[in-house]
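Residue strings, one per chain:
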Amino acid sequence: MSTSAPKTPTPAASAPNALYGGTTSRRVTVRDIAEAKRRGERWPMLTAYDALTARVFDDAGIPVLLVGDSAAMVVYGHDSTIPVTVDDLVPLTAAVARGTSRALVVADLPFGSFQASPEQALASAARLMKEGGAHAVKLEGGHRVAPQVETLVAAGVPVMGHVGLTPQSVNTLGGYRVQGRGEEGARLLADAKELERAGAFSVVLECVPKDLAADITAHLTIPTIGIGAGSGTDAQVLVWQDMAGLSPRVAKFVKEYAKIGDALRDAASAYAEEVVAGTFPDEEHSYA
């Protein structure tokens, strides 16, 4: 662990939360994200992959929406994030951007789209921004991707980092395991600080011990976004299908705030039964 003194955020003001549920109609920007950190203001992030769902979350005041490479699993039916491509994510990103008016839309750089070189990363990010309408991109890794982050930021691309459990490296990590226990904690802190140095505007901490996540948060001037990292981060993110009870299996860190899967199943069953019985469509739902 670093021996330097952690930075203490300014306590949250008594004024209403300015980032989550704000009334302004303009887009949330990376500057707004930075200001929230300064104020000590927590905020939520959710994934989104289509215009209708994105509009619901935008109307709910969610300030940041992530078009994640988790689309490989929840949209395309793969068993990991690895198969998804930039070609797959561009139309999803465009749909989310069109479905929102306020949220900052962040698009994942998928596996194989940025690791080779900073130039490859810039070409991939350019597609997600020019064709998809993304306002920022996210990429996985620590010090090894610092050159990519520097190149993207220098080119005007806001970058969200991602350390801890990085699903694109699941085969190297030996599965979906908690990261940063013991001596690994110092490495994760160093990676997060390197991303900050390279110009990232925020960093996701996935599946790391809560005390480590809080320590990293205190040492960074940029916001941290936790997923399976306890409550000591500046923000939280969940895959929306997990949060809403649509996914068949969820991780320990997921809290289900609804049972959308059950509701959809019940609706489909009710519809099917009425069709079989001949009671739908009835007079109310027919034209004369």
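Residues numbered from 1 in each chain as written. Predicted model: local features only at pLDDT ≥ 70, side-chain atom pairs only at ≥ 80, totals over all residues. Heavy atoms only, no water.

## Side note on the packing of helix 8 (residues 184–198) against helix 9 (residues 210–219)
1) Next: Axis separation between helix 8 and helix 9 bottoms out at 10 Å; the angle between their running directions is 30°. As helix 8 packs across helix 9, the resulting crossing turns out to be right-handed. Only Leu212, Asp215, Ile216 and His219 of helix 9 make contact with helix 8, whose side of the interface consists of Gly185, Leu188, Leu189 and Ala192. (Axes fitted to C-alpha atoms, helices over the stretch in contact; angles between N-to-C directions. Helix = DSSP H or I, 4+ residues; strand = E, 2+ residues; numbered from the N terminus. Left-handed = near helix turned anticlockwise from the far one by under 90°. Contact = heavy atoms within 4.5 Å.)

## Let's talk about the UniProt feature "active site" (unreviewed entry) in the chain
1) Next: According to UniProt, the positions carrying the feature "active site" (unreviewed entry) are Glu206.
2) Next: Relative to the assigned elements, Glu206 resides in strand 6 (residues 202–206).
3) Next: At 2.9 Å, the side chain of Glu206 forms a polar contact with the side chain of His162. (UniProt positions renumbered as here; feature names shortened; annotations may be inferred. Polar contact = N/O pair within 3.5 Å; in protein donor to acceptor, adjacent residues only side chain to side chain.)

## Quick notes on the packing of aromatic side chains
1) Next: Taken as a whole, this structure holds two aromatic pairs when the rule is applied.
2) Next: Arranged with centres 6.0 Å apart and planes meeting at 70°, the rings of Phe57 and Trp240 form a pair that is edge-to-face. One end of the pair, Phe57, is in helix 2 (residues 51–59); the other, Trp240, is in helix 10 (residues 240–243), and 183 residues separate them in sequence.
3) Next: Seen in terms of ring centroids, Tyr271 and Phe280 are 6.0 Å apart; in terms of plane orientation they differ by 70°. Their pairing is edge-to-face.
4) Next: The exposure class assigned to Tyr271 is exposed, which follows from its relative accessible area of 52%.
5) Next: On the accessibility criterion, Phe280 (34% relative accessible area) is partly exposed. (Phe/Tyr/Trp six-rings, centres within 6.5 Å; stacked < 30°, edge-to-face > 60°. Buried < 20%, exposed > 50% of the residue type's maximum accessible area, 1.4 Å probe, protein only.)

## Let's talk about the sheet that holds strand 8 (residues 235–238)
1) Next: Spatially, 1-2-3-4-5-6-7-8 is the arrangement adopted by the eight strands of the closed barrel, whose pairing is parallel. Neighbouring strand axes in the sheet, compared pairwise and without regard to direction, differ in orientation by 25° on average.
2) Next: One ladder, built from three bridges, connects strand 1 (residues 43–47) with strand 2 (residues 64–67); its direction is parallel. Bridge pairing in strand 2 links Leu46 to Leu65.
3) Next: Against the sheet, helix 8 makes contact with strand 5 (159–164) and strand 6, and its axis sits at roughly 175° relative to strand 5, the strand it touches most. (Pairing = 2+ DSSP bridges.)

## Digging into the pattern of salt bridges
1) Next: This model, assessed by the stated rule, comprises 12 salt bridges.
2) Next: Between Asp234 and Lys37 there is a salt bridge, with its nearest N and O atoms 2.8 Å apart. With Asp234 in the loop between strand 7 (224–227) and strand 8 and Lys37 in helix 1 (residues 30–39), this pair connects stretches of sequence that are 197 residues apart. Pair check on accessibility: Asp234 and Lys37 agree, each one buried.
3) Next: Here Asp87 ties to Arg127 by a salt bridge, and the two come within 2.6 Å at their closest N and O atoms. Here Arg127 lies in helix 5 (residues 118–130) and Asp87 lies in helix 4 (residues 86–98), a separation of 40 residues in the sequence.
4) Next: For Arg127, a relative accessible area of 28% gives the class partly exposed.
5) Next: A cluster of three or more residues bridged by salt bridges with shared partners is formed by Asp87, Arg127 and Glu131. (Salt bridge = Lys/Arg side-chain N within 4 Å of Asp/Glu carboxyl O.)

## Points about the side chain of Gln241
1) Next: As for its placement among the helices and strands, Gln241 is situated in helix 10.
2) Next: In contact with Gln241, not counting residues within four places along its chain, are Thr47, Tyr49, Val74, Leu246 and Ser247.

## Section: the environment of Leu52
1) Next: The residue Leu52 is located in helix 2 in this model.
2) Next: For Leu52 and Val96, which are 44 residues apart along the polypeptide, the C-alpha to C-alpha distance reads 8.1 Å.

## Re the nonpolar core
1) Next: Core analysis: the biggest nonpolar cluster contains 55 residues, and Leu65 and Leu152 have the highest contact counts within it.
2) Next: Trp43, Val64, Leu104 and Ala235 belong to the second largest nonpolar core, which has 18 residues in total. (Core = buried A, V, L, I, M, F, W, Y, C linked by side-chain atoms within 4.5 Å.)

## Looking at the environment of Thr85
1) Next: Within the secondary structure, Thr85 is located in the loop between helix 3 (71–74) and helix 4.
2) Next: Here the side chain of Thr85 touches Asp87 through a polar contact of 3.3 Å, landing on its backbone nitrogen.

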